[in-house]
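Secondary and tertiary structure notes
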Amino acid sequence: MLKEERLDYILKKLQTDQKVLQTELSSDLQVSEDTVRRDLESLAQSGQLIKVRGGAIPHSPNPYSFKERIERHAADKQHMAVKALRLLHDGQTVLMDGGTSTLALVKILPPNLRLTIITNSVPIVTHLIEHPTIEVIFTGGRIGKNSQTATGMDTIRTLQKIRADLAFVGICSLHPEAGVTGLDLEEADVKSVMVEAANKIVALATSDKMDTAEPFKVCEITGIDVIVTDKPELPLFKPYQDLGIQVI
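The model shown is predicted, which means the values in this text are computed figures rather than measured ones. (Residues numbered from 1 in each chain as written. Predicted model: local features only at pLDDT ≥ 70, side-chain atom pairs only at ≥ 80, totals over all residues. Heavy atoms only, no water.)

Description of the overall build of the protein chain
We count it as follows: Counting from the N terminus, the helices are DSSP H or I runs at least four residues long and the strands are E runs at least two residues long. We compute the radius of gyration over the C-alpha atoms and compare it with the globule rule, which gives 2.2 Å times the number of residues raised to the power 0.38. Accessible area is worked out with a 1.4 Å probe on protein chains only. A residue is then buried under 20% of its type maximum, exposed over 50%, and partly exposed in between. Any pair of residues with heavy atoms lying within 4.5 Å of one another is described as a contacting pair. Values of accessible area rely on a 1.4 Å probe in the Shrake-Rupley scheme; residue burial ignores everything except the protein chains shown. Under this rule, positive means Lys or Arg and negative means Asp or Glu; His and the chain ends count for nothing. We put the charge of a Lys on NZ, of an Arg on CZ, of an Asp on CG and of a Glu on CD.
The helix and strand tally for the protein chain stands at ten helices and 15 strands. On C-alpha atoms alone, the protein chain measures out to a radius of gyration of 19 Å, which is about the 18 Å that the 2.2 N^0.38 rule sets for 248 residues. Viewed in the frame of its principal axes, the protein chain has a C-alpha envelope of about 65 × 35 × 30 Å. The proportion of buried residues among the 248 residues of the protein chain is 51%. For the protein chain, the proportion of contacts with a sequence separation of at least 24, taken over those separated by at least 6, is 62%. Here the protein chain has roughly 11800 Å² of accessible surface; of this, 51% comes from carbon and sulfur atoms. Positive and negative side-chain charges of the protein chain, numbering 28 and 33 respectively, have mean locations separated by a distance of 2 Å.

Set out below in structure tokens:
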């Protein structure tokens with residue numbers, strides 16, 4: 001079998017199974033595991049998959065642009081926001097990153113809820129500016145036009161001064177081995193600091209983001225305390241629950 005045929009087979013199997021294992025591919029393709037390893041490395045370098053120990057997993061299917069993401073899985077994000085709302089109560093200091101899932105939560109905050117919300121998200125600040133009982137702190141920093149979030153050292157320095165009760169983090173990709181990852185290095189750096197700055201970390205993640213990975217690490221999967229998702233009954237969440245992560 002030609003290399004191009006092997007690569008095509010690997011990508012099709014990845015699309016079907018959401019993961020590939022070197023041992024299985026070696027048997028299926030009747031080549032050595034070293035050959036499979038090189039094939040996976042080639043596909044990883046071209047950005048078509050993410051290598052993990054013993055095989056590979058897909059990238060997250062979600063687009064990067066905020067404007068594209070805002071309409072994607074809108075009903076699921078609304079459902080998740082209602083669940084996440086139960087974790088909030090008066091007097092908390094809450095970090096919220098710039099995901100579209102966190103924006104969905106902000107949009108349903110009751111008008112009498114008293115919180116301090118710290119965020120690097122321009123849309124979240126714009127929405128909360130009209131809320132009567134929530135104190136809003138914007139981290140500052142350089143604004144990314146695609147993400148509509150602030151990043152950079154000014155953002156990080158602000159977050160390093162904070163100790164929050166909760167951090168709500170919109171997640172690009174979650175995987176038991178690869179951990180929490182993202183598409184953009186500067187955004188991943190900001191999320192990493194948020195994870196360090198809060199007592200409890202809540203990941204807002206639709207089920208299509210599970211068992212996927214991207215190039216830039218936010219934290220190990222055990223850095224997450226709670227996953228709020230749209231379809232928690234799916235078996236793909238069991239490995240996370242086995243690690244002590246609450247799934248809502």
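Description of the sheet that holds strand E13 (residues 216-219)
As a reminder of what qualifies: Here, any two strands with at least 2 DSSP bridges between them count as paired. Between N-to-C directions, angles span 0 to 180 degrees; the directions come from axes that are lines fitted to C-alpha atoms, helices contributing only their stretch in contact.
Pairing within the open sheet is antiparallel, and its three strands lie in the order E10-E11-E13. Of all the strands in the sheet, just strand E10 (173-175) and E13 have a single pairing partner and so form its edges. For this sheet, the mean inter-axis angle between neighbouring strands, taken without regard to orientation, is 35°.

Observations regarding the packing of helix H1 (residues 3-17) against helix H2 (residues 22-29)
What counts, and what does not: Orientation is classified from the angle alone, with under 35 degrees giving roughly parallel, over 145 giving roughly antiparallel, 65 to 115 giving roughly perpendicular, and any other angle giving oblique. Crossing handedness is defined as follows: a turn of the near helix away from the far one that is anticlockwise and smaller than a right angle gives a left-handed crossing, while the clockwise case is right-handed.
Interhelical geometry of H1 versus H2 gives an angle of 130° and a closest axis separation of 12 Å. Classed by the angle they form, the pair H1 and H2 counts as oblique. Considering the relative orientation of H1 and H2, their crossing is right-handed. Residue-level contacts link Arg6, Tyr9, Ile10 and Lys13 of H1 to Glu24, Leu25, Asp28 and Leu29 of H2.

What about the sheet that holds strand E2 (residues 50-52)?
Strand order across the open sheet formed by three strands is E1-E3-E2, with antiparallel pairing between neighbours. Only two strands of the sheet have a single partner each, and these edge strands are strand E1 (20-21) and E2. With two bridges connecting them, E1 and strand E3 (residues 55-57) associate as antiparallel partners. By the bridge assignment, valine 20 is partnered in E3 with alanine 56.

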